[in-house]
Amino acid sequence: MNGERSGAIVRGQVVTFNDDPEVVGERECVSHWVDGAVVIGDDGAIAWVGARGEVPDEYAGLETIDHGDRLILPGFIDAHLHFPQYRMIAAYGKDLLDWLNRYTFIEEQRYGDEDVAKAAAVEFIDELFRQGITACLAFSTIHMTATSALFAEAASRNMALISGRTMMDRSAPEGLTDDAQTSHDESVELIERWSGAGRLGYAISPRFAVTSSEAQLEAAGSLVKQYPDLWMQTHLSENHGEIEVVANDFPWAKDYTDVYDRFGLLGPKSFFAHGIHLGDRELARLSESGSGVVHCPTSNNFLGSGLFRCRHTRNGKTPVKTAVGCDIGGGTSFAMLDTLRDAYTVSQLVGARISPLEAFYLATLGNARALGLEETIGSLQAGKFADMVVLDPKATPIMAARHDLSQSLADVLFALMIMGDDRAVHETYVAGRPVKSAIGASQR
Ligand code: GUN
Ligand code: ZN
């Protein structure tokens, strides 16, 4: 299926989630056609999903792409990562604040150069597609041009991307700080230009309380009030040193969450990355306000930030909407499979295991629901965008050997998330177009 759209029948093992396994149980949560097919319409949407032998006659003339016994799933959705950190993975920082000051704030200043940002946007989105990630909520930098470069690149690929200009006016180098008014006005300019264009969304993006003055948090709050349909993203309760700085800087606050709460930043479209060390009061406020926390396990492990209690946060007394993200460049891999593996190992360390079905639910329909995008993505259902990832559970000799032992879909998915990475991503489709194989083609 190259060039102009004409629709196609994509065959393989089709796997898609209907609901949260923690709510409906493992049997009801997922649909699985061992010999399945997804029909893509010429508009890039899914026209039909089901057993390969039951594809309606009206689609008989379409080209068929056969992925054999590979798994066709909804494209992965990443709920937290940083565009300007895509090439600074594996920076040897002591902890969050040291890592930010020593490496991150230096790298991000480069994005004042539009050419740097434009080239980076191509590489960043290429890498997402290589990993089977078809939608994301991403941080940018304080630079308008860099943020526009990212939006423009995503738009040219017809990708569902939510981002926004980072707001930060203190405790960072001059080249990476603004002021409350400028950050407000430039955010408005970008919102007017990009919000709702194609598949793009805008996120009001104060970096975190450490790098925003009260005036700037107030400006962010006024944007949230002015544009209630937009997303809001920031960081919360990741590291003990960070929590201490926030407690000193905002002595009137009950706790870290209360800082954001006072400025009107909590709500159903608000996403707080990390949330590792939250107290009961904070979890209750996040729950009550419908806010989301994003679990970023490879980053939390890499920076030594702590062990996120996924079950406690997601299904505790005051359940908080929980999404997952790679948090590049604090995270150590763009691969959603690596993120799920670390989410699993961390869940073991805190004594409340997540299941493979739950992990894949979170990376697809769970993240779509969390972000409020479930009408258009997150599962393979007629009418949604044909955003899909094709996974090969036998991608390496050892994976193939392990696959011989698998007895169930859950077991196949478990081996994939423990052993798999980008080698297991055979193809990625965005709005019906194969985009992973196209990366190599465009470079030839
Ligand atoms: N807190 C504030 N900024 C950042 C960032 O860039 N990465 C991580 N992991 N935490 C943050
Ligand atoms: Zn982050």
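Calculation rules
- Residues numbered from 1 in each chain as written.
- Chains lettered and ligands numbered in written order.
- Predicted model: local features only at pLDDT ≥ 70, side-chain atom pairs only at ≥ 80, totals over all residues.
- Heavy atoms only, no water.
- Phe/Tyr/Trp six-rings, centres within 6.5 Å; stacked < 30°, edge-to-face > 60°.
- Helix = DSSP H or I, 4+ residues; strand = E, 2+ residues; numbered from the N terminus.
- Buried < 20%, exposed > 50% of the residue type's maximum accessible area, 1.4 Å probe, protein only.
- Lys NZ or Arg CZ within 6 Å of the ring centre and 35° of its normal.
- Arc of directions from axis to C-beta.
- Pairing = 2+ DSSP bridges.
- Core = buried A, V, L, I, M, F, W, Y, C linked by side-chain atoms within 4.5 Å.
- Contact = heavy atoms within 4.5 Å.
- 1 Å grid on protein atoms, 1.4 Å probe; cavity = no way out; pocket = protein on both sides within 12 Å on 5 of 7 lines; lining within 4 Å.
- Points joined across faces, edges and corners; volume = space filled by probe spheres on them.
- Nonpolar A, V, L, I, M, F, W, Y, C, P; charged D, E, K, R; others polar.
- Patch = residues over 30% accessible without salt bridge, like charges linked within 9 Å, V, L, I, M, F, W, Y side chains within 5 Å.
- Areas by Shrake-Rupley, 256 points an atom, 1.4 Å probe, with all protein chains shown as cover.
- Salt bridge = Lys/Arg side-chain N within 4 Å of Asp/Glu carboxyl O.
- Donors = N, O, S within 2.8 Å, 3.2 Å for Na, K, Ca; no water.
- Polar contact = N/O pair within 3.5 Å; in protein donor to acceptor, adjacent residues only side chain to side chain.
- Near = heavy atom within 4 Å.
- Axes fitted to C-alpha atoms, helices over the stretch in contact; angles between N-to-C directions.

Notes on the packing of aromatic side chains
Right, so step 1: Summed over all chains, the structure comprises 12 aromatic pairs.
Right, so step 2: Each ring, one from Phe76 and one from Phe360, has its centre 6.3 Å from the other, and the planes form 50°; the classification is tilted. Of this pair, Phe76 sits in strand 5 (residues 76-82) while Phe360 sits in helix 13 (residues 356-371), and the two are 284 residues apart along the sequence. Phe360 shares its class with Phe76; the two are buried.
Right, so step 3: Aromatic side chains Phe250 and Trp252 sit 5.9 Å apart centroid to centroid with 90° between the ring planes, which places their arrangement in the edge-to-face category.
Right, so step 4: Judged by relative accessible area, which is 31%, Trp252 ranks as partly exposed.
Right, so step 5: Within the aromatic cluster, the residues linked to one another by ring pairs are Phe83, Tyr111, Phe124 and Phe334.
Right, so step 6: Lying over the aromatic face of Phe385, Arg199 brings its terminal NZ or CZ to 3.6 Å of the ring centre.
Right, so step 7: A cation sits over an aromatic face here: Lys269 above Trp231, 3.7 Å from the ring centre.

Some points on helix 9 (residues 280-289)
Right, so step 1: The complete set of buried residues in helix 9 reads Glu282, Leu283, Leu286 and Ser289. End-on view of helix 9: buried residues confined to an arc of 140°, all on one side of the axis. When the buried face of helix 9 is taken as reference, the exposed residues oriented beyond 90 degrees from it are Asp280 and Glu288.
Right, so step 2: Note on helix 9: the residue one or two positions beyond its end, Gly290, has a positive phi of about 75°.

Considerations on the pairing of strand 1 (residues 8-17)
Right, so step 1: The element strand 1 is extensively covered by neighbouring structure, given that nine of its 10 residues are classed as buried.
Right, so step 2: The pairing of strand 1 with strand 4 (residues 63-74) spans six bridges and is classified as parallel. Among the inter-strand pairings, Arg11 is bridged to a residue of strand 4, identified as Asp66.
Right, so step 3: Where strand 1 meets strand 2 (residues 30-40), nine bridges bridge the pair, whose relative direction is antiparallel. What sits directly across from Val10, in strand 2, is Val38.

Side note on the nonpolar core
Right, so step 1: Core analysis: the biggest nonpolar cluster contains 108 residues, and Phe124, Tyr260, Phe360 and Leu391 have the highest contact counts within it.
Right, so step 2: Ignoring anything within four residues of it in the chain, the contact list for Phe360 reads Phe17, Leu73, Phe76, Leu337, Leu340, Leu391, Leu413, Leu416 and Met417.
Right, so step 3: In this structure, Ala135, Ala370, Leu373 and Ile377 belong to the second largest nonpolar core, which totals 17 residues.

Remarks on the layout of surface pockets
A probe matching the size of a water molecule, rolled over the atoms, marks out where space remains unfilled.
Right, so step 1: Volume-wise, the second largest pocket comes out at about 210 Å³.
Right, so step 2: Along its surface, the second largest pocket is lined by 14 residues, and Ala160, Arg199, Leu200, Leu373 and Thr376 are the ones closest to its centre.
Right, so step 3: Listing elements by their share of the lining of the second largest pocket, those giving two or more residues are strand 7 (160-164) and strand 9 (200-206).
Right, so step 4: With three residues, strand 7 is the single largest residue contributor to the lining of the second largest pocket.
Right, so step 5: Across the lining of the second largest pocket, the residue classes tally to eight nonpolar, five polar and one charged.

Considerations on a nonpolar patch on the surface
Right, so step 1: On the surface, Leu307, Leu349 and Val350 cluster together into a nonpolar patch covering about 260 Å² of accessible area.
Right, so step 2: One can find Leu349 in helix 12 (residues 336-349).
Right, so step 3: A relative accessible area of 64% places Leu349 in the exposed class.

Observations regarding the coordination of the zinc ion (ligand 2)
Right, so step 1: At the metal site, the zinc ion (ligand 2) is ligated by His80 (NE2), His82 (NE2), His235 (NE2) and Asp327 (OD), and these contacts range over 2.0 to 2.5 Å.
Right, so step 2: Mapped onto the sequence, the residues coordinating the zinc ion (ligand 2) show the spacing H-x1-H-x152-H-x91-D. With His82 in strand 5 and His235 in strand 10 (residues 231-236), this pair connects stretches of sequence that are 153 residues apart.
Right, so step 3: Take His235: its relative accessible area is 6%, and that puts it in the buried class.

Quick look at the side chain of Asn367
Right, so step 1: Tracing the chain through its elements places Asn367 in helix 13.
Right, so step 2: Of the polar contacts made by the side chain of Asn367, one reaches the backbone oxygen of Val324; its length is 3.0 Å.
Right, so step 3: Residue contacts for Asn367: discarding those within four places in its chain leaves Ile77, Asp78, Ala79, Ala323, Val324, Tyr361 and Leu362.

Structural notes on unusual backbone geometry
Right, so step 1: The omega torsion across Ile328 and Gly329 is 0°, close enough to zero to call that bond cis.
Right, so step 2: Structurally, Gly329 can be placed in the loop between strand 13 (321-324) and helix 12.
Right, so step 3: Despite not being glycine, Ala90 has its phi angle at roughly 65°, a positive value.
Right, so step 4: Here Ala90 shows up in the loop between strand 5 and helix 2 (96-109).
Right, so step 5: Of the residues examined, Ala90 reaches a relative accessible area of 61% and is grouped as exposed.

With respect to the site of ligand 1
Right, so step 1: Around ligand 1 sit His82, Gln85, Leu96, Trp99, Leu100, Arg207, Phe208, His235, Glu238, His274, Ser299 and Asp327, and that is every residue in its neighbourhood.
Right, so step 2: At 2.8 Å, a side-chain N or O of Gln85 approaches an oxygen atom of ligand 1.
Right, so step 3: Within the contact set of ligand 1, a nitrogen atom lies 2.8 Å away from a side-chain nitrogen or oxygen of Asp327.
Right, so step 4: Considered on its own, ligand 1 offers 280 Å² of accessible surface; in the complex 100% of this is hidden by protein.
Right, so step 5: Tallied by class, the residues present in the shell around ligand 1 amount to four nonpolar, five polar and three charged.

Some details on the sheet that holds strand 1
Right, so step 1: The strand order across the open sheet formed by seven strands is 3-2-1-4-14-15-16, and the pairing between neighbours is mixed. Edge positions in the open sheet fall to strand 3 (46-51) and strand 16 (433-434), since each of these has one partner strand only.
Right, so step 2: The strands touched by helix 13 are strand 1, strand 2, strand 4 and strand 14 (388-391); relative to strand 1, the strand with the most contacts, the crossing angle is about 120°.

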